[in-house]
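Descriptive structure summary
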Amino acid sequence: MFPDLAHFALAILQAILVLLAAPLVSGMSRVIRAKMHTRQGPGLLQDYRDLVKLMQRQDVWPPDAGWVFRAMPVILMATLLVIATGIPMFTRFSPNSVCGDLITTIYLFALARFFLGLSGIDSGSSYAGIGSSRELTVGVLVEPTMLLSLFVAALLAGSTDLGTISSAIAAGRCHSIMAAVIAGVAFAFAIYVELGVLPYDMAEAEQELQEGPLTEYSGRSLAILKWSLALKQTIVVGWFIGLFLPFGAAVSLSPAALVLGFLAFAAKLLVIFAVVGVVSNSVARTRFRFMPRHSWAGVGVASLAFVFYLVGL
């Protein structure tokens, strides 16, 4: 079912707001790191200034790069913006019902990851290729936890529609509250890994891999990529908030409800990123070969949520 004009306008507005806020959120993480290191560090708006400088520089393409490498920044940004229109962030319903399905959203995230990994291989750089392989490996390890926890939430709500899941959890219409809580914990772990912060920033690991899949990008393409990665971080946290912390979100399209929903979302987003910033700057990077042990723990928690759903606790 296609959205009407009001819902379509809300979907576009939501995507634009998240896009504009993404560098601010990533800048806050850098400020938290600097404060924890007792140094001045960059300002809160430094990421905006970096994007402006990169936008003014020329793209330099590797001689062996193909069309995937050249098109990936635009594909990644466009895919993430489509995802942003369908996730219920400010509201308890999906603004864009066409993209507001659980399975559709999962496939769109997989599409973005696929092109990001493929672009590093297509660049012809060994550093980018290694970074891409790590990016895809981390995805393979974390996606089972994400999928299982989301499908438990879908089973509890009786629908794969993201808005229906959000409304069911907010209204307490789940026959197994503990299953919803445990699924939320498992999904939070998967989202933390997806953020690419310590100790799980395997794909980038700039000290040894020169920024992984981003190694050969420069100029406007690098700006779009960095903006897209910040946008992805904001979207995945918004996904968690919309499904498992929908309290305070708008239930109608009235201006007052939407403003309150936006303020509630912004407050929850800032708190979560502040917590993530503190945790990520308090730990060291884990060894890549130890990553499967942690991912299996996430799968175990998600499986426990499924067991609680089956027994109705």
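The rules behind each value
- Residues numbered from 1 in each chain as written.
- Predicted model: local features only at pLDDT ≥ 70, side-chain atom pairs only at ≥ 80, totals over all residues.
- Heavy atoms only, no water.
- Salt bridge = Lys/Arg side-chain N within 4 Å of Asp/Glu carboxyl O.
- Helix = DSSP H or I, 4+ residues; strand = E, 2+ residues; numbered from the N terminus.
- Buried < 20%, exposed > 50% of the residue type's maximum accessible area, 1.4 Å probe, protein only.
- Core = buried A, V, L, I, M, F, W, Y, C linked by side-chain atoms within 4.5 Å.
- Phe/Tyr/Trp six-rings, centres within 6.5 Å; stacked < 30°, edge-to-face > 60°.
- Patch = residues over 30% accessible without salt bridge, like charges linked within 9 Å, V, L, I, M, F, W, Y side chains within 5 Å.
- Areas by Shrake-Rupley, 256 points an atom, 1.4 Å probe, with all protein chains shown as cover.
- Expected span 1.5 Å × (residues − 1).
- Contact = heavy atoms within 4.5 Å.
- Axes fitted to C-alpha atoms, helices over the stretch in contact; angles between N-to-C directions.
- Parallel < 35°, antiparallel > 145°, perpendicular 65-115°, else oblique.
- Nonpolar A, V, L, I, M, F, W, Y, C, P; charged D, E, K, R; others polar.

Turning our eyes to something else, we now look at the pattern of salt bridges. What the rule picks out here adds up to six salt bridges. Measuring nitrogen to oxygen at the nearest pair gives 3.8 Å for the salt bridge that ties Lys-53 to Asp-50. Taken together, the residues span about one helical turn, with Lys-53 and Asp-50 both in helix H2 (residues 46–55) at a distance of three residues. Residue classification places Asp-50 among the partly exposed positions, given a relative accessible area of 22%. Between Glu-194 and Arg-113 there is a salt bridge, with its nearest N and O atoms 2.1 Å apart.

Counting residues in each nonpolar core, the largest one holds 79 residues, and the members touching the most others are Ile-235, Val-237 and Trp-239. Sort the elements by how many residues they give to this core and helix H9 (residues 219–244) lands first, with 13 residues.

Okay, the packing of aromatic side chains next. Across all of its chains, the model carries 11 aromatic pairs by this definition. Consider the rings of Phe-90 and Phe-265, whose centres lie 5.2 Å apart with planes at 70°: the pair is edge-to-face. Remark: Phe-265 occurs in helix H10 (residues 255–280) and Phe-90 occurs in the loop between helix H3 (67–86) and helix H4 (102–122); sequence separation between them is 175 residues. For the residue pair Phe-90 and Phe-265, the accessibility class agrees, reading buried in each case. The interplanar angle of 90° and the centroid separation of 5.3 Å between the aromatic rings of Phe-187 and Trp-239 together place this pair among those described as edge-to-face. Residue Phe-187 is found in helix H7 (residues 177–194), and its partner Trp-239 is found in helix H9; the two are separated by 52 residues along the sequence. For the pair Phe-187 and Trp-239, one class covers both residues: buried. Every member of this aromatic cluster is reached through a ring pair, and the members are Phe-109, Phe-187, Trp-239, Phe-240 and Phe-244.

The grouping of Leu-13, Leu-17, Val-259, Leu-260, Phe-262 and Leu-263 at the surface amounts to a nonpolar patch, some 520 Å² of accessible area in total. At the level of elements, helix H1 (5–36) and H10 are the ones that each hand at least two residues to the nonpolar patch. Following the sequence through the fold, Leu-17 ends up in helix H1. Among the residues examined, Leu-17 registers a relative accessible area of 30% and is labelled partly exposed.

Below, the discussion takes up helix H11 (residues 291–311). Over its 21 residues, H11 extends 31 Å from the first C-alpha to the last, a length consistent with the 30 Å expected when each residue adds 1.5 Å. Looking at H11, one finds that the buried residues are Met-291, Ser-295, Gly-298, Val-299, Ala-302, Ala-305, Phe-308 and Tyr-309. Here the buried face of H11 lies against helix H5 (126–157) and H7. Backbone geometry just after H11 places Gly-312 at a positive phi near 75°.

Contact geometry of H1 with H2 gives a least axis separation of 7 Å together with a crossing angle of 120°. Overall, the two elements H1 and H2 adopt an arrangement that is oblique. From H1, Leu-20, Ala-21, Pro-23, Leu-24, Ser-26, Gly-27 and Arg-30 reach across to H2, where they touch Gln-46, Asp-47, Tyr-48, Asp-50 and Leu-51. By residue class, the composition of the contact of H1 with H2 is six nonpolar, three polar and three charged.

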